[in-house]
Amino acid sequence: LPEVPTMAVEKVFVYNNTSIVQDEILAHRLGLIPIRADPRLFEYRNQGDEEGTEIDTLQFQLKIKCSRNPQAAKESSDPNELYFNHKVYSKHMTWVPLGNQTDLFPDADFRPVHDDILIALLRPGQEIDVLMHCVKGIGKDHAKFSPVATASYRLLPEITLLQPVEDEAAEKLQKCFSPGVIEIQNIKGKKVARVANARLDTFSREVFRHEGLKNLVRLARVRNHYIFSVESTGILPPDVLVSEAIKILMGKCQRFLNELDSVPME
């Protein structure tokens, strides 16, 4: 979460903003838009550098103006019919190559991860004209650089049926767990419950509220089986994020070992 780097909007140069959104709020909203750009292709910008270069900066432009639709019906009150460009979306952000980036990244498609992120609402005559500089950073410095929406882990659930559960009891048992955990099979004319996929269980412990069922089931967790859930913001795939995080952890371990080796022994 805090140390896998990404590219995000760091500086916003406002040339014109006549919308109701203040410049500071607009810059903050633009900074939180995830940018689809592989951070491994770029370097960190040096501290104090005002001007970016092609190796450490991505440049985007947002220039849009709202106008009336002359063909709209007079009795209409729908802004979608009355105005053009009254909603400013992330899809209106366009990449402006810096230096020789066109040659460095000939097949690049730098853009926001999602095209339908609403940035501002405009009315006729209002416009936004800004230039954005995206730089490489980590979530430890600012949340906008974090490539992960959520990251969590849990132990694998283990569900054991202590004795056969049949007919009405089987159907009641199935309702006590999340969908897909308990499966009902038809064996010799009887409905028999079996554990289909314990991984889907959320450990609600609902089964223990039923007197006729609580002694038929044992709930536990496999101590050495972890289930990691990583939800990406879309900048990088989850498997790439995990591998990059492991590389960072290995680098920390190596630095720690090197420091231990450099300490003189008494």
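Residues numbered from 1 in each chain as written. Predicted model: local features only at pLDDT ≥ 70, side-chain atom pairs only at ≥ 80, totals over all residues. Heavy atoms only, no water.

- Looking at an unreviewed UniProt entry, the chain carries the name DNA-directed RNA polymerases I and III subunit RPAC1, with the source organism given as Eurystomus gularis.
- Quoted verbatim from the Subcellular location (unreviewed entry) field of the UniProt record, the comment on the chain reads "Nucleus".
- Recorded in UniProt for the chain, the comment headed Sequence similarities (unreviewed entry) runs: "Belongs to the archaeal Rpo3/eukaryotic RPB3 RNA polymerase subunit family." (UniProt positions renumbered as here; feature names shortened; annotations may be inferred.)

1. Quick word on the nonpolar core
Soluble, globular proteins show a tendency: their nonpolar side chains are buried together.
Then comes step 1: Of all hydrophobic cores here, the largest spans 26 residues; its most connected members are L30, L62, M93, I119 and I128.
Then comes step 2: Not counting the four nearest positions on each side in its chain, I119 is found in contact with L26, R29, L30, I33, L62, V88, Y89, S90 and M93. (Core = buried A, V, L, I, M, F, W, Y, C linked by side-chain atoms within 4.5 Å. Buried < 20%, exposed > 50% of the residue type's maximum accessible area, 1.4 Å probe, protein only. Contact = heavy atoms within 4.5 Å.)

2. Brief notes about the pattern of salt bridges
Then comes step 1: What the rule picks out here adds up to 12 salt bridges.
Then comes step 2: Note that R209 is salt-bridged to E206, the shortest N-O span being 3.3 Å.
Then comes step 3: Judged by its relative accessible area of 26%, E206 falls in the partly exposed class.
Then comes step 4: One salt bridge connects K247 with E244, and the closest N-O pair in it is separated by 3.4 Å. (Salt bridge = Lys/Arg side-chain N within 4 Å of Asp/Glu carboxyl O.)

3. Considering unusual backbone geometry
Then comes step 1: A positive phi angle, close to 55 degrees, is found at N85, a residue other than glycine.
Then comes step 2: Considering the arrangement of structural elements, one finds N85 in the loop between β5 (83-84) and β6 (87-89).
Then comes step 3: Phi is positive for F203, which is not a glycine, with a value near 60 degrees.
Then comes step 4: Looking at the element boundaries, F203 is found in the loop between β13 (190-195) and β14 (217-232). (Helix = DSSP H or I, 4+ residues; strand = E, 2+ residues; numbered from the N terminus.)

4. Some remarks on a positive patch on the surface
Then comes step 1: Together, R154, R199, R205 and R221 line one region of the surface with positive charge.
Then comes step 2: Locating R205 in the fold gives a position in the loop between β13 and β14.
Then comes step 3: The class for R205 is partly exposed, based on a relative accessible area of 48%. (Patch = residues over 30% accessible without salt bridge, like charges linked within 9 Å, V, L, I, M, F, W, Y side chains within 5 Å. Areas by Shrake-Rupley, 256 points an atom, 1.4 Å probe, with all protein chains shown as cover. Lys, Arg positive; Asp, Glu negative; His and termini not counted. Charge placed at Lys NZ, Arg CZ, Asp CG, Glu CD.)

5. Looking at the sheet that holds strand β7 (residues 94-95)
Then comes step 1: Ordered by their spatial adjacency, 4 strands build an open sheet running β1-β10-β3-β7, and the pairing between neighbours is antiparallel. Of all strands in the sheet, those with a lone pairing partner are β1 (6-17) and β7, marking the two edges.
Then comes step 2: Relative to strand β10 (residues 127-137), strand β3 (residues 58-65) runs antiparallel, the two sharing 8 bridges. Within β10, the position partnered with F60 by the bridge is M132.
Then comes step 3: Packing of helix α1 (residues 23-31) onto the sheet brings it into contact with β1, β3 and β10, and relative to β1 it is tilted by some 150 degrees. (Pairing = 2+ DSSP bridges. Axes fitted to C-alpha atoms, helices over the stretch in contact; angles between N-to-C directions.)

6. Points about the side chain of S76
Then comes step 1: Tracing the chain through its elements places S76 in the loop between β4 (67-68) and α2 (79-82).
Then comes step 2: From its side chain, S76 meets the backbone nitrogen of D78 in a polar contact 3.3 Å long.
Then comes step 3: When neighbours within four sequence positions are excluded, S76 is seen to be in contact with E81 and L82. (Polar contact = N/O pair within 3.5 Å; in protein donor to acceptor, adjacent residues only side chain to side chain.)

7. A closer look at the environment of K247
Then comes step 1: On the secondary structure map, K247 appears in helix α5 (residues 238-262).
Then comes step 2: Put simply, K247 and D109 are 138 residues apart on the chain and 26 Å apart in space, counted from C-alpha to C-alpha.

8. A look at the pairing of strand β12 (residues 182-187)
Then comes step 1: Two elements, β12 and β13, share 6 bridges in a ladder whose sense is antiparallel. Within the sheet, the bridge partner assigned to I187 lies in β13 and is K190.
Then comes step 2: Joining the antiparallel neighbours β12 and β13 is a turn of 2 residues, in which K188 adopts a positive phi near 55 degrees.

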